[in-house]
Amino acid sequence: MHTAPRYFLVVLAIVVSVHYILSFTHDGYGRATSISRFMRPRPDNTVPDEYYTNHLINSSLHIASRGRANATFVILARNSDLENTVRSIRRIEDRFNTRHHYPFVLLNDEPFTEEFKRRVSAVVSGQIMYGQVPREHWEQPAWIDEDLATKGRDALVADNVIYGGSVSYRNMCRFNSGFFFKHPLMEQFRWYWRIEPDVHFHCDINFDPFLFMQDRNKVYGWTITMYEFDKTIPSLWGHVRDFIKLHPEHIAKDNALGFMTHDNGERYNLCHFWSNFEIADMNFWRGKAYQDFFEYLDSKGGFYYERWGDAPVHSIAAGLFAHRDQLHFFEEIGYEHNPYTHCPKDPDMWRKNRCGCEPSRSFDYDGYSCMRQWDEFVGN
Ligand SMILES: Nc1nc2c(ncn2[C@@H]2O[C@H](COP(=O)(O)OP(=O)(O)OP(=O)(O)O)[C@@H](O)[C@H]2O)c(=O)[nH]1
Ligand SMILES: *[C@@H]1O[C@H](CO)[C@@H](O)[C@H](O)[C@H]1NC(C)=O
Ligand SMILES: [Mg+2]
């Protein structure tokens, strides 16, 4: 006569213990709950303590005293960007580079003024080099059909697409896609950290991201990922698919395509890394796979007929030609380029790195962010 309640108790006990086991195995590193995501850094995604130069945290100083990587900062700027360029450099110097003295390369399609050089040179802690971009790396190529290009721009202007009517913005995107790493001042380096005028670094960076990337065989480091405006790249993915068929030898076996497409390459989900922040290996861009890729895309004219950004071009290439583990999310680097901020959400990380940003306003899980797709892809 007590069978029914006893049966109920047994079932209840099983349910409770299964729930307990599941919550145990999913806790911390799982994506089971938003709490666990908030509380703990992702596995394999954080820079280990031994990379930290801060003696309070660091236990093995040998990594901290290794000197510099073969690396430079790079900033593309106009003379009119002077004040914002000074601001960006001051911020990265204060949070990182006064302890490392990595050089800066400043590039411009026009000669920098003496005033620009005087002001910017005053705020760096290391070497600084100023270069002009050669015309053939900047201007719209002569073979571009100007009537088609005009039609393309007019259509984007009519559609209210940001920079839709700008030729110089297109020059900039093409230059950042295919040429910055070929500039003579950049050729002497392997690694670069891209910075733009008026960006913010919200946390101390008490480790050397270049050495971390080098040791771990990384290719591309990023802090923010989001959707691209589909109106700027209507034909891009079709060309990517054609390129894959044409050059299957370039596609990495364990690539990150799964981050950018949910139907095995059929359609692009528009996710890309926000390229105003990049820490990456220029030898990857200089390699055969990317060179073939850029030449192929460039020959289609989409930098001008549409408005292809360097962000989707770099991201798709990194997703195709690199091993998935070679793409790295720098969770601990608090970064802001108007209007979006990445702020570390893990309280320990946030405190340890003296972050000045507000974690709850981090862009990571904003509706427009692609962080969810990234988490799903890497299995967090
Ligand atoms: N020398 C030069 N640099 C440019 C030109 N256009 C853009 N840049 C630089 O290229 C980078 C990207 O341009 P931005 O105007 O910041 O474009 P964005 O980041 O997409 O957009 P916002 O920053 O939101 O305006 C920045 O480092 C700019 O300084 C240009 O015509 N000449
Ligand atoms: C740095 O890297 C570049 C590009 O790979 C290379 O040409 C250069 O020789 C390297 N410099 C040093 C000091 O290793
Ligand atoms: Mg910008």
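In this convention, every chain numbers its residues from 1, walking through the sequence in written order. Key to labels: chains lettered from A, ligands numbered from 1, both in the order written. Where local features are concerned, this predicted model is filtered to residues with pLDDT of at least 70; where side-chain atom pairs are given and counted, the filter is 80 or more; whole-chain, interface and lining totals use all residues. Think of the side-chain values as coming from all heavy atoms in the structure, minus any hydrogens and water.

## Describing the overall build of the chain
Then step 1. The helix and strand inventory of the chain stands at 17 helices and twelve strands.
Then step 2. Accessibility here uses a 1.4 Å probe with only protein chains present; expressed as a share of the type maximum, an area under 20% marks a residue as buried, one over 50% as exposed, and anything in between as partly exposed. Considering the chain as a whole, with its 380 residues, one finds that 53% of them fall into the buried category.
Then step 3. By the convention used here, residues are in contact when the closest approach between their heavy atoms is within 4.5 Å. Once local pairs closer than 6 in sequence are excluded, the contacts in the chain between residues at least 24 apart make up 79%.
Then step 4. Each accessible area value is a Shrake-Rupley result obtained with a 1.4 Å probe; residue values ignore everything except the protein chains displayed when judging cover. Looking at the chain as shown, the accessible area adds up to about 17,900 Å², and 53% of this sits on carbon and sulfur atoms. The helix count covers DSSP runs of H or I at least four residues long, the strand count covers runs of E at least two residues long, and both are numbered beginning at the N terminus.

## Concerning the site of ligand 1
Then step 1. For this description, a residue counts as near a given molecule or strand if any of its non-hydrogen atoms is within 4 Å of it. Ligand 1 sits among 14 residues. The nearest are Leu 76, Asn 108, Asp 109, Tyr 163 and Tyr 169.
Then step 2. As used in this structure description, the phrase polar contact means that two N or O atoms lie within 3.5 Å; if the pair is within protein, one of them must be able to donate a hydrogen and the other to accept it, and residues adjacent in sequence are counted only when both atoms belong to side chains. Between ligand 1 and Glu 196, the relevant distance is 3.0 Å, taken from an oxygen atom to a side-chain nitrogen or oxygen of the residue.
Then step 3. Isolated, ligand 1 exposes 610 Å² of accessible area, and the fraction of that covered by the protein chains is 80%.
Then step 4. All amino acids are sorted into three groups, where Ala, Val, Leu, Ile, Met, Phe, Trp, Tyr, Cys and Pro are nonpolar, Asp, Glu, Lys and Arg are charged, and the leftover types, Gly among them, are polar. Among the residues making up the shell around ligand 1, the classes are represented as seven nonpolar, three polar and four charged.

## Side note on the nonpolar core
Then step 1. Among the buried residues, those of types Ala, Val, Leu, Ile, Met, Phe, Trp, Tyr and Cys that are joined through side-chain atoms within 4.5 Å form a nonpolar core. The biggest cluster of nonpolar side chains holds 60 residues, and the ones touching the most others in it are Tyr 220, Trp 285, Phe 293, Ile 316, Leu 327 and Trp 374.
Then step 2. With 41 residues, the next largest nonpolar core counts Ala 69, Phe 73, Phe 212 and Ile 279 among its residues.

## Quick word on helix 4 (residues 82-95)
Then step 1. Expected helix span is given by 1.5 Å per residue-to-residue step, counting one fewer step than there are residues. Taking 1.5 Å of rise per residue, the 14 residues of helix 4 would be expected to cover 20 Å, and the 20 Å separating its terminal C-alpha atoms lies within 8% of that figure.
Then step 2. Along helix 4, the residues classified as buried are Leu 82, Thr 85, Val 86, Ser 88, Ile 89, Ile 92, Glu 93 and Arg 95.
Then step 3. Elements in contact with the buried residues of helix 4: strand 1 (71-76), strand 2 (104-108), helix 5 (114-121), strand 4 (191-195) and strand 5 (200-201).

## Description of the sheet that holds strand 3 (residues 128-132)
Neighbouring strands of a sheet are bound in pairs by backbone hydrogen bonds; such pairs are parallel or else antiparallel.
Then step 1. In short, DSSP must find at least two bridges between two strands for them to pair. The seven strands are arranged 3-2-1-4-9-6-10 in an open sheet whose pairing can be described as mixed. The open sheet has two edge strands, strand 3 and strand 10 (327-329), and neither has a second partner. Taken over all neighbouring pairs, the strand axes of this sheet differ in orientation by 20° on average, direction set aside.
Then step 2. Looking at chain direction, strand 2 and strand 3 are connected through five bridges and run parallel. For Val 105, the partnering residue across the bridge sits in strand 3 and is Met 129.
Then step 3. Lines fitted to C-alpha atoms define the axes here, with helix axes fitted over just the stretch in contact, and angles between the N-to-C directions of these axes take values from 0 to 180 degrees. Along the sheet, helix 5 makes contact with strand 2 and strand 3, crossing strand 3 at roughly 150°.

## A closer look at the confidence of the model for the chain
Then step 1. Confidence scores per residue from the predictor, reported as pLDDT, run from 0 to 100. On average, the chain scores 90 in pLDDT, and the residues at 70 or more come to 85%.
Then step 2. This model gives residues 20-41 a pLDDT under 50, and the stretch forms 25 contacts once residues within four places in sequence are excluded.
Then step 3. For residues 55-62, every residue scores under 50 in pLDDT, and the model assigns this stretch seven contacts once sequence neighbours within four places are set aside.

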